[in-house]
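Observations on chain architecture
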There are 2 protein chains.
Amino acid sequence: MYFCFMKYSLSEENYLKAIYHLEKIAATGVATNAIAEQMETKPSSVTDMVKKLSEKDLVNYIKYQGVTLTEKGRKTALTIIRKHRLWEVFLVDKLNFHWDQVHEIAEQLEHIHSEELISRLDKFLGEPDFDPHGDPIPDKHGNIKRTEKKLLSDLDKNQGGVCVGVKESSAEFLQYLDKKKITIGTKIKVLGKEFFDGSMVILVGKDQSFISKKTAENLYVQTN
Amino acid sequence: MYFCFMKYSLSEENYLKAIYHLEKIAATGVATNAIAEQMETKPSSVTDMVKKLSEKDLVNYIKYQGVTLTEKGRKTALTIIRKHRLWEVFLVDKLNFHWDQVHEIAEQLEHIHSEELISRLDKFLGEPDFDPHGDPIPDKHGNIKRTEKKLLSDLDKNQGGVCVGVKESSAEFLQYLDKKKITIGTKIKVLGKEFFDGSMVILVGKDQSFISKKTAENLYVQTN
DNA sequence: ATTAAATTTTAGATAAGACTAAAATATTGT
DNA sequence: ACAATATTTTAGTCTTATCTAAAATTTAAT
Ligand SMILES: [Mn+2]
Ligand SMILES: [Mn+2]
Ligand SMILES: [Mn+2]
Ligand SMILES: [Mn+2]
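Residues numbered from 1 in each chain as written. Chains lettered and ligands numbered in written order. Predicted model: local features only at pLDDT ≥ 70, side-chain atom pairs only at ≥ 80, totals over all residues. Heavy atoms only, no water.

**Quick notes on the coordination of the manganese ion (ligand 3)**
Residues and elements named next belong to chain B. As a reminder of what qualifies: Excluding water, the donors of a metal are its N, O and S neighbours within 2.8 Å, or within 3.2 Å for Na, K and Ca, and that exclusion means sites may look incomplete. Here a helix means four or more residues in a row that DSSP labels H or I, a strand means two or more in a row labelled E, and each is numbered from the N terminus. Residue burial is assigned from relative accessible area. The probe radius is 1.4 Å, only protein chains are included, and a residue is buried under 20% of its type maximum, exposed over 50%, and partly exposed in between.
Coordination of the manganese ion (ligand 3) by the protein involves H84 (NE2), E88 (OE) and H103 (ND1), with metal-donor separations of 2.0 to 2.1 Å. Within one chain, the residues donating to the manganese ion (ligand 3) are spaced in sequence as H-x3-E-x14-H. In this structure the manganese ion (ligand 4) is found 3.4 Å away from the manganese ion (ligand 3), and E88 serves as a bridging donor for the pair. Of this pair, H84 and E88 both sit in helix α4 (residues 71-94), four residues apart, which is roughly one turn of the helix. Take H84 and E88: they sit in the same class, and that class is buried.

This is the structure:
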């Protein structure tokens, strides 16, 4: 297989990315319906594309059994994710965009084809390890620096940590976190946890705050 | 017509840009063949696209009589050119690309859709008036700052000026200019002009240099 | 073990953008 | 003026990426 600087279409790249993200959740092969939902398209369209990706040796596909990425497919997906996240850092760090504004633009920028561009952008940004949402940026070989992190919802009373990422990164959720004064790097401590509904009273900096279970399940923290 | 933030396809945008550039040369309507050559496509494909652009009120088209841009088409072309040139400035000024490396990448970046992105990029770059090749950058309304400039080939003996742009901006020509130590801002003086073939002996900084007519016809200077 | 329901695939259609070959129109040369 | 040439358009085909409707297969329920 060696090194292949093949260029793929916008659509192919988006499918690979979707499958990559779904593969992390699904234990078995990724289901056609799951891909269709993620891509906001129809299952029949997915089947067509999956066949094509299979032809190009980017996915393993057996009828009715879902798909998995091949090594080549995974590498390709990771370079797109790398580009996405680097561009997000650019938008936030250099152009002063807010973290809830960058995803849509990065969705476009991630498809720009130029190794040299990404290599220089990476240097320009100081070779960052994480994007504005706390997600790790794969290096040029597709290696991801894994870090210890837990969902805030898994902490017990009196445990504390630093917010290092969000699971959901919709604009709505990010804007809600702003209102709560929570962002990457914010110190959080669990003051109380309600048995009934999983809601929490937490210490954010010096102030108390009340958050729902749903919120706690979408915040990653690094415990100390 | 008012303000229309309609998004056009990659192909439509490229056609508009091509027609814009050809319109500056052609006195009459832009010929189908000319567009085909510029776009590296077939005349029949051009006819198809031109009909579509005409439907969308981006060009005026009468069978067999070539096309001209409408006001809407011209504005749209200018926003794409604005994006192209701003990205070129970014690539050279911020990522330290060389001026002969940026065009291809800018051809991709110019199609990213986001007003906010371009507005912020413009500010980040210091609202530049010219791109790395000396071409003017239209403002957000499509206004271009016109400057006095002549082709070096039109200067007479003993006239001098500052290089402010290139007509051709192929990588080959730009690399040749590097070898000749000529770039934007370089002071040039005509020491001699050969009647026979239009070649020139010029002063570049403190050194003499010999250039062909073809080279002189592709260099813009501002006389002092 | 059958039947019902959900999932997935196939078959056939559509739209965008490109192509080739042939027809229509315009331009040139004598 | 009229034939020869060049340009442009039309007609029909192809590819990519979608879609709908129907068939095939798997999974879940009785
Ligand atoms: Mn994102
Ligand atoms: Mn992100
Ligand atoms: Mn350029
Ligand atoms: Mn330029």
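Having seen it, we continue.
**Some thoughts on the relation of the copies chain A and chain B**
Operational definition: Here the copies are superposed with least squares, the fitted atoms being C-alpha atoms of residues at a pLDDT of at least 70 in both. Whether two residues touch is decided by their heavy atoms; if any such pair falls within 4.5 Å, the residues are in contact.
Screw-axis analysis of chain A against chain B gives a translation of 0.0 Å along the axis, an RMSD of 0.0 Å, and a rotation angle of 180°. Expressed as a symmetry operation, the mapping of one chain copy onto the other fits a two-fold axis. Residue L109(A), judged by its C-alpha, is the member of chain A lying nearest the rotation axis, at 3.8 Å. Here 100% of the contact residues of chain A are again contact residues in chain B; the copies associate through an equivalent surface.

**Regarding the protein's contact with DNA strand D**
Quick note on the threshold: Any residue with a heavy atom positioned within 4 Å of a molecule or strand is treated as near that molecule or strand. Two N or O atoms count as a polar contact when they lie within 3.5 Å, although within protein this holds only if one can serve as hydrogen donor and the other as acceptor, and sequence-adjacent residues are included solely when both atoms are side-chain atoms. Note on residue classes: Ala, Val, Leu, Ile, Met, Phe, Trp, Tyr, Cys and Pro are nonpolar, Asp, Glu, Lys and Arg are charged, and everything else, Gly too, is polar.
Near DNA strand D you find 20 residues, and of these T41(A), K52(A), K51(B), Y61(B) and K63(B) are the closest. Sugar plus phosphate: this is where 78% of the atoms of DNA strand D within 4 Å of the protein reside. One nitrogen or oxygen atom from the side chain of T41(A) is found 2.5 Å from a phosphate oxygen belonging to DNA strand D. Separating a phosphate oxygen of DNA strand D from a side-chain N or O atom of S45(A) is a distance of 2.6 Å. For the surface near DNA strand D, a count of residues per class yields six nonpolar, nine polar and five charged.

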